[in-house]
Amino acid sequence: MQRIADTLFWTLIALWLAFALAGGIAAASIFPAARGLPLSLEGYEGFIAASPEQGRMLVAGHLAESVFAKTDGVRLLLAPLAVLALLAQVALAPRATRSGARFVWIAVAATALLVGTFWSQPAFTARDAEYRTAARTGRGTELLANATDSGPKLAVDAAHQRASWVAGTEALALLFLIAVSAWNAGGSSARNYSSGRSWRRG
């Protein structure tokens, strides 16, 4: 049973981390590529013509958005399953060390996931919708204004920064969880090996 619990835990954590990183990896690939492509999008022709650089970034945002949308639901499913797998590990190996730290990091990751899914990402989506509406209706001067905090461009950039920080916290917490879990597994293996040698010598 311990081996099954270990396998489930590592599989779920690996999948959770993979989906947490998927959106960032997609964005890191799409946005640089978009800078050199003659992209266009129906309804935004005027804005793209007025500001090709910002226009290409807007189109790239459309492409990356679907990746983030698809990963949110999967992570919300994986997170509670990973918590249950961790509980099973601890229940089957009550002497395991550093289990407290593992619960801390999985709690941080789960909290960041919930904050991102239900607050920072929806806030960014709303600001981004305002940005796109401004682009579609030809409010180019207002859209690209950087002088006031109320400008659509500044608002969407601030919301994106918050969403990115929350997503980064989730991924970083999962990496710490993996590191602590691996350290714990290595320590348990070493103790088991030492116990086995002592038993044979006895």
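Here's a quick rundown of the structure. Owing to the predicted nature of the structure, the values given are computational and were not obtained by experimental measurement.

Conventions used here
- Residues numbered from 1 in each chain as written.
- Predicted model: local features only at pLDDT ≥ 70, side-chain atom pairs only at ≥ 80, totals over all residues.
- Heavy atoms only, no water.
- Axes fitted to C-alpha atoms, helices over the stretch in contact; angles between N-to-C directions.
- Helix = DSSP H or I, 4+ residues; strand = E, 2+ residues; numbered from the N terminus.
- Parallel < 35°, antiparallel > 145°, perpendicular 65-115°, else oblique.
- Left-handed = near helix turned anticlockwise from the far one by under 90°.
- Nonpolar A, V, L, I, M, F, W, Y, C, P; charged D, E, K, R; others polar.
- Expected span 1.5 Å × (residues − 1).
- Bend = angle between axes of the 7 residues up to and from the residue.
- Buried < 20%, exposed > 50% of the residue type's maximum accessible area, 1.4 Å probe, protein only.
- 1 Å grid on protein atoms, 1.4 Å probe; cavity = no way out; pocket = protein on both sides within 12 Å on 5 of 7 lines; lining within 4 Å.
- Points joined across faces, edges and corners; volume = space filled by probe spheres on them.
- Salt bridge = Lys/Arg side-chain N within 4 Å of Asp/Glu carboxyl O.
- Phe/Tyr/Trp six-rings, centres within 6.5 Å; stacked < 30°, edge-to-face > 60°.
- Lys NZ or Arg CZ within 6 Å of the ring centre and 35° of its normal.

Turning next to the packing of helix α1 (residues 2-34) against helix α3 (residues 52-92). Across the interface, α1 lies against α3 with an axial gap of 8 Å and an inter-helix angle of 165°. In terms of orientation, α1 lies roughly antiparallel with respect to α3. As for how α1 packs across α3, the hand of that crossing is left-handed. Tallied by class, the residues present in the contact of α1 with α3 amount to 30 nonpolar, 6 polar and 3 charged.

Let us now look at α1. Its 33 residues place the ends of α1 48 Å apart at the C-alpha level, agreeing with the 48 Å of an ideal helix rising 1.5 Å per residue. Along its length, α1 shows its largest kink, about 35°, at A22. Along α1, the residues classified as buried are A5, F9, L12, I13, W16, L17, A20, G23, A26, A27 and A34.

Computed from the structure, the largest pocket encloses a volume of approximately 900 Å³. Around the largest pocket, the lining is made up of 39 residues, and of these F31, F68, F124, H160 and S164 lie nearest the centre. Elements with a minimum of two residues in the lining of the largest pocket: α1, α3, α4 (99-136) and α6 (152-201). Here the lining of the largest pocket is built from residues that sort into 16 nonpolar, 13 polar and 10 charged.

With that settled, consider the pattern of salt bridges. Enumeration according to the criterion identifies 7 salt bridges in this entry. Residues E130 and R127 are paired through a salt bridge, measuring 2.9 Å at the closest nitrogen-oxygen approach. Of this pair, E130 and R127 both sit in helix α4, 3 residues apart, which is roughly one turn of the helix. The class for E130 is partly exposed, based on a relative accessible area of 41%. The partly exposed category is assigned to R127, whose relative accessible area is 27%. Shared partners join several salt bridges into a network, and the residues in it are R35, E53 and R56.

To continue, consider the packing of aromatic side chains. Enumeration according to the criterion identifies 3 aromatic pairs in this entry. Between F47 and Y131, the aromatic rings sit 6.4 Å apart at their centres with planes inclined by 85°, giving edge-to-face as the arrangement. Separated by 84 residues along the polypeptide, F47 in helix α2 (residues 45-50) and Y131 in helix α4 bring together distant segments of the chain. Overall, F47 belongs to the buried group, its relative accessible area being 6%. Centroid distance W105 to F176: 4.5 Å. Interplanar angle 15°. Geometry classified as stacked. Here F176 lies in helix α6 and W105 lies in helix α4, a separation of 71 residues in the sequence. Residue W105 is classed as partly exposed on the basis of its relative accessible area, which comes to 27%. Take F176: its relative accessible area is 39%, and that puts it in the partly exposed class. When the ring centre of F9 is taken as reference, the NZ or CZ atom of R102 above it lies at 4.9 Å.

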